[in-house]
Amino acid sequence: MATFTSSNMAFVCGLLGNMVSFLVYLAPAPTFYRICKKKSTEGFQSIPYAVALFSAMLYLYYAFLKKNAIMLVTINSVGCSIEVAYLTIYMIFATKESRVFTSKLILIFNVSLLGFITVGTYFLSHGHQRVNIVGWFCATFSLCVFAAPLTIMRQVVKTKSVEFMPFALSFFLTICAVVWFFYGFLIRDYYIATPNLLGFTFGMTQMILYMVYKNKKTSIKQQIQRGETKVHDINLHQIDDNIHVTIEIA
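What you see is a predicted model, and the numbers here were worked out from it, not measured in a lab.

Rules behind the numbers
- Residues numbered from 1 in each chain as written.
- Predicted model: local features only at pLDDT ≥ 70, side-chain atom pairs only at ≥ 80, totals over all residues.
- Heavy atoms only, no water.
- Axes fitted to C-alpha atoms, helices over the stretch in contact; angles between N-to-C directions.
- Helix = DSSP H or I, 4+ residues; strand = E, 2+ residues; numbered from the N terminus.
- Parallel < 35°, antiparallel > 145°, perpendicular 65-115°, else oblique.
- Left-handed = near helix turned anticlockwise from the far one by under 90°.
- Contact = heavy atoms within 4.5 Å.
- Nonpolar A, V, L, I, M, F, W, Y, C, P; charged D, E, K, R; others polar.
- Core = buried A, V, L, I, M, F, W, Y, C linked by side-chain atoms within 4.5 Å.
- Buried < 20%, exposed > 50% of the residue type's maximum accessible area, 1.4 Å probe, protein only.
- Patch = residues over 30% accessible without salt bridge, like charges linked within 9 Å, V, L, I, M, F, W, Y side chains within 5 Å.
- Areas by Shrake-Rupley, 256 points an atom, 1.4 Å probe, with all protein chains shown as cover.
- Salt bridge = Lys/Arg side-chain N within 4 Å of Asp/Glu carboxyl O.
- pLDDT = per-residue confidence, 0-100.
- Phe/Tyr/Trp six-rings, centres within 6.5 Å; stacked < 30°, edge-to-face > 60°.
- Arc of directions from axis to C-beta.

*Asks:* Just checking my understanding: could you explain the packing of helix α3 (residues 47–66) against helix α5 (residues 96–124) for this structure?
*Replies:* Packed helices, taken two at a time, are described by the angle between their axes plus the distance between the axes. Relative orientation of the contacting elements α3 and α5 amounts to 15°, with a least axis distance of 10 Å. Compared by their axis directions, α3 and α5 come out roughly parallel. The interaxial crossing formed by α3 with α5 has right-handed handedness. Residues Ile47, Ala50, Val51, Leu53, Phe54, Met57, Leu58 and Tyr61 of α3 touch α5, and the partners they reach there are Phe101, Leu105, Phe109, Asn110, Leu113, Leu114, Ile117, Thr118, Thr121 and Tyr122. Across the contact of α3 with α5, the residue classes tally to 15 nonpolar, 3 polar and no charged.

As structure tokens, then:
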């Protein structure tokens with residue numbers, strides 16, 4: 001009778017982690033389809049995608065140092081490719097100001113910082129020490145991936161609209177965090193397990209926020225005062241001689 005060891009369980013969690021992570025990377029696809037269709041990035045931000053690309057590249061470096069980490073190599077290789085595609089689309093349709101901001105993000109994270117970490121750990125550390133140092137960097141920036149949508153959450157609270165916070169992304173990030181936590185725990189790699197435990201908390205917060213604000217209605221007066229009303233996005237309703245508006249969420 002075959003025994004289900006912790007090694008086997010880790011392998012299963014790794015496979016599930018790869019599959020769920022792939023769905024996480026695909027979750028923003030409808031957003032970018034909308035960007036391509038409207039030829040505008042509207043209120044969407046590039047921060048989550050630039051940070052996610054950096055994290056994937058950093059974990060790829062960590063996986064090569066750690067060795068025997070094929071689960072990390074496969075998903076982060078795929079992740080790098082997908083995030084590059086997203087950022088390319090964003091840069092094509094973004095405003096000049098947004099393109100400059102995104103370019104700075106990429107230069108800071110994916111060129112300067114990644115180069116500093118790679119060169120620094122290569123020359124100033126060796127063996128297991130190098131793995132530990134890079135592992136700490138990975139854990140830190142994994143938290144940044146989970147925390148990056150907090151900027152969008154602030155926008156949700158301010159505008160009382162979830163238009164720019166895709167629920168699918170928050171949902172799959174939460175599931176992904178759970179699976180990778182167990183994978184890291186089973187192989188005793190706490191650089192993987194720890195950030196995903198906190199990632200679960202961030203993901204749950206985003207989903208709760210979505211449920212709270214998904215059906216919120218904002219008066220036309222409030223929208224005009226904030227300068228956020230889009231004429232083609234509102235439907236006027238006459239109720240007891242008072243005009244109200246419903247903001248249509250795509």
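*Asks:* Looking at this model, I keep getting lost on the nonpolar core. Mind explaining?
*Replies:* Side chains of nonpolar character tend, in soluble globular proteins, to be buried together. In this structure, Phe54, Leu58, Tyr62, Leu72, Trp180 and Tyr183 are the most contacted members of the largest nonpolar core, which totals 48 residues. Those elements that provide at least two residues to this core are α1 (6–26), α2 (29–38), α3, α4 (70–93), α5, α6 (127–147), α8 (167–186) and α9 (190–213). Ranked by residue count, the leading element in this core is α3, at 13 residues. For Phe54, the contacting residues outside a window of four places in its chain are Phe109, Asn110, Leu113, Leu114, Ile117 and Phe141. By size, the runner-up hydrophobic cluster in this structure holds 7 residues, among which are Met153, Val156, Val162 and Tyr213.

*Asks:* Explain the packing of α2 against α4 here, please?
*Replies:* Running from N to C, α2 and α4 cross one another at 25°; their axes reach a closest spacing of 10 Å. By the angle class used here, α2 and α4 are roughly parallel. Considering only the axes of α2 and α4, their crossing is left-handed. Contact residues: α2 offers Ala29, Phe32, Ile35 and Cys36, while α4 offers Tyr86, Ile89, Tyr90 and Phe93.

*Asks:* Hey, could you run me through a nonpolar patch on the surface in this one?
*Replies:* A contiguous nonpolar surface patch, about 490 Å² in accessible area, is contributed by Val178, Phe182, Phe200, Met204, Ile208 and Val212. Residue assignment for the nonpolar patch shows that the elements contributing at least two residues are α8 and α9. Of the residues forming the nonpolar patch, the biggest block, 4 residues, is contributed by α9. Within the secondary structure, Phe200 sits in helix α9.

*Asks:* Looking at this structure, how should I read the confidence of the model for the chain?
*Replies:* Any residue range with low pLDDT should be treated as having predicted coordinates unsuitable for detailed reading. Of all residues in the chain, 81% attain a pLDDT of 70 or more, and the chain-wide mean is 80. In the predicted structure, residues 217–221 sits below a pLDDT of 50 and forms 12 contacts with residues beyond four places in sequence or in another chain. Below a pLDDT of 50 lies the segment residues 227–250, which in the model reaches 39 contacts outside its immediate sequence neighbourhood of four places, other chains included.

*Asks:* I'm lost on the pattern of salt bridges in this one. Help?
*Replies:* Opposite charge on two side chains makes pairing possible when the charged atoms of those side chains draw close. For the structure on display, the rule yields 3 salt bridges. Across the salt bridge formed by Glu42 and Arg34, the nearest N and O atoms sit 2.8 Å from each other. Its relative accessible area of 27% is what places Glu42 among the partly exposed residues. Residue class for Arg34 comes out buried when judged on its relative accessible area of 12%. Here the residues in one salt-bridge network are Arg34, Lys38 and Glu42, joined through shared partners.

*Asks:* I keep staring at the packing of aromatic side chains and nothing clicks. Help me out?
*Replies:* We describe a pair of aromatic rings using the distance from one ring centre to the other and the angle between the two ring planes. In total, this model carries 11 aromatic pairs according to the counting rule given. Measuring from ring centre to ring centre gives 6.1 Å for Tyr59 and Tyr62, while their planes differ by 85°; the resulting arrangement is edge-to-face. With Tyr59 and Tyr62 both in helix α3 and 3 residues apart, the pair spans about one turn of that helix. A relative accessible area of 1% means that Tyr62 is categorised as buried. Between Tyr62 and Tyr191, the aromatic rings sit 6.4 Å apart at their centres with planes inclined by 85°, giving edge-to-face as the arrangement.

*Asks:* Explanation requested: α2 in the structure shown.
*Replies:* In an α-helix, one full turn covers 3.6 residues, which means residues spaced three or four apart are oriented alike. Of all the positions in α2, only Thr31, Phe32, Arg34 and Ile35 are classed as buried. What you see down the axis of α2 is that its buried residues fit within an arc of 150°, all on one side. Relative to its buried face, α2 has exposed residues pointing more than 90 degrees away, namely Pro30, Tyr33 and Lys37. Looking at the buried residues of α2, the elements they touch are α3 and α4. Note on α2: the residue one or two positions beyond its end, Lys39, has a positive phi of about 55°.

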